[in-house]
Structure formats: structure tokens, C-alpha cells
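Secondary and tertiary structure notes
Take a look at the letters that make up each chain.
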Amino acid sequence: MPVRITILGRVLLVLLWTLFALNGCTKKSSDGRQYAYVATAMDGTVSMHEVNNKTGALTFLGAVKTQPGTSSILISPSGQHAFVTNEQSNTISPFAINTKTGILTPTSAGPVSTGFGPFTLIHPSGRFVYALSRGSGDLSTFETSQAVGIQSEVSGSPFRFV
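Every chain is numbered on its own, with residues counted from 1 as its sequence reads. Local features are withheld for residues below a pLDDT of 70 in this predicted model, meaning they are given only at 70 or higher, and side-chain atom pairs are given and counted only at 80 or more; totals for whole chains, interfaces and linings count all residues. Side-chain metrics rest on all non-hydrogen atoms present in the structure, leaving aside hydrogens and water.

1. A look at the overall build of the chain
So the rule is basically this: Strands here mean DSSP runs of E at least two residues long; helices mean DSSP runs of H or I at least four residues long; both are numbered from the N terminus. Relative accessibility thresholds used throughout: buried, under 20% of the residue-type maximum; exposed, over 50%; partly exposed, between the two (1.4 Å probe, protein chains only). Residue contacts are defined here by distance: any two heavy atoms, one from each residue, within 4.5 Å place the two residues in contact. We get accessible surface area from the Shrake-Rupley algorithm with a probe of 1.4 Å; when it comes to residues, only the shown protein chains can shield them.
A tally of helices and strands in the chain yields one helix and 13 strands. Reading the chain from its N end, one meets helices and strands in the order α-β-β-β-β-β-β-β-β-β-β-β-β-β. Among the 162 residues that make up the chain, the fraction classed as buried is 43%. When contacts within the chain are restricted to residue pairs at least 6 apart in sequence, long-range pairs at least 24 apart make up 36% of them. Just so you have it, the chain exposes about 8,500 Å², and 59% of that area is on carbon and sulfur atoms.

Right under this line is the structure:
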């Protein structure tokens, strides 16, 4: 049975996605160092940088390969995982974040398939990752775990907008 989500619900989801996506590009380590992550669609990578807290200058730490069409990156509230949206391959790639160095490492869970050109957001608790398909309007919901980032798709997902 399809879950009914109103137009107001859709607008709310897009607003939440915008708020979390804009805030999801930096992370502070427990010792006060700050890291910035940049998703690059042209080559399907995420570059990792350490931020100089005094000057704002960036030091390049490296890059990790994701999937075609990398478009955004979200950091979990715990700061232990990053979720990269890949628009061309219609996937989300989960990464573990080394809390001391800021380096991203792919987890064994990903990438996971979503609908066409997904918008993604993370539940404030960090327990769920949502992917809203631009093609069908379906909402895929994934449960997260400390070990692998994305653990499994929630029963009944994707949820269809009617």
C-alpha cells in the first residue's frame, strides 16, 4: 500500500534536503581540526582538505573515487560517516571518516541504488538516510549503522508519492 505524502510534505523534504546539504561539507575532529570535502561531478571524486583554523587556507589531503556524477556530500551527525550522492549512476556511496585524519574510506555497504537523480538528506538522529528520486518522486529510506554507514533499505521502501 503506497504511503501518501502531501505536496506540503514534498516541499518540507526538499527544504530539509537543502538545509542539510548546505551544512554537510565540513567536519571538526575531536582535537579541533577541521576538514572540508568537495564533491566533483566531472571526475566522480570527493576531494579531502584540512582547513587552517586561523587563515581558512586549505591543505589537500587526497581524493577518493565515487561513482559517475558525484553531486553532493552529507556528513552524519556523529561525524563518523559521509554519504555521497551520485546523480549519473543513481546511487549513494557511504564512506567512513577517520576522526583523527579526516580521510574518507569506502565502506563495504556501498554504493546503494536509489531512484533517478536523487536528492539526499540525513535524519537529525543519523539513523536514516533518505533519497528522493527526481524521476519518480519515490522516497528511498535506508537505515544506517556505525559499522558500515548504510546498513539496509527500510521495509516497504521506496515509498511512492501519490
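2. Quick look at the pairing of strand β12 (residues 139-145)
Put simply, the rule is: For two strands to count as paired, DSSP must find a minimum of two bridges between them.
Within β12, six of the seven residues are buried, leaving the element largely enclosed by the surrounding structure. Bridge count for strand β11 (residues 128-132) against β12 is five bridges, and the pairing is antiparallel. Paired with tyrosine 130 across the bridge in β12 is threonine 141. Counting the residues between successive antiparallel strands, the hairpin from β11 to β12 contains six residues, one of them, glycine 137, with a positive phi of roughly 80 degrees. With four bridges connecting them, β12 and strand β13 (residues 149-153) associate as antiparallel partners. Residue phenylalanine 142 lies in a different strand from β13, and its bridge partner there is glutamate 153.

3. Thoughts on the nonpolar core
The condition that has to hold: Definition of nonpolar core: a set of buried residues of the types Ala, Val, Leu, Ile, Met, Phe, Trp, Tyr and Cys, connected through side-chain atoms within 4.5 Å.
Counting residues in each nonpolar core, the largest one holds twelve residues, listed as Tyr35, Tyr37, Val46, Met48, Val64, Ile73, Ile75, Ala82, Val84, Phe95, Ile97 and Leu104. Of all elements in the fold, only β2 (34-40), β3 (45-51), β5 (70-75), β6 (81-86) and β7 (91-97) reach the threshold of two or more residues within this core. Setting aside anything within four residues of it in sequence, one finds methionine 48 in contact with Ala36, Tyr37, Thr59, Phe60, Leu61, Gly62, Ala63, Val64, Gly102, Ile103 and Leu104. Counting nine residues, the second-largest nonpolar core is a separate cluster that includes Leu74, Ile122, Ala131 and Phe142.

4. A few points about unusual backbone geometry
Located in the positive-phi region is asparagine 90, a residue other than glycine, with phi close to 55 degrees. Here asparagine 90 shows up in the loop between β6 and β7.

5. A closer look at the side chain of serine 145
Turning to its location among the elements, serine 145 is positioned in strand β12. Other than its neighbours up to four places away in sequence, serine 145 contacts His81 and Gln151.

6. Quick word on the environment of valine 154
In this fold, valine 154 is placed in the segment after β13. Note: C-alpha distance between valine 154 and glutamate 143 (eleven residues apart in sequence) is 6.2 Å. When sequence neighbours within four positions are dropped, the list of residues in contact with valine 154 reads Phe128, Thr141, Phe142, Glu143 and Phe159.

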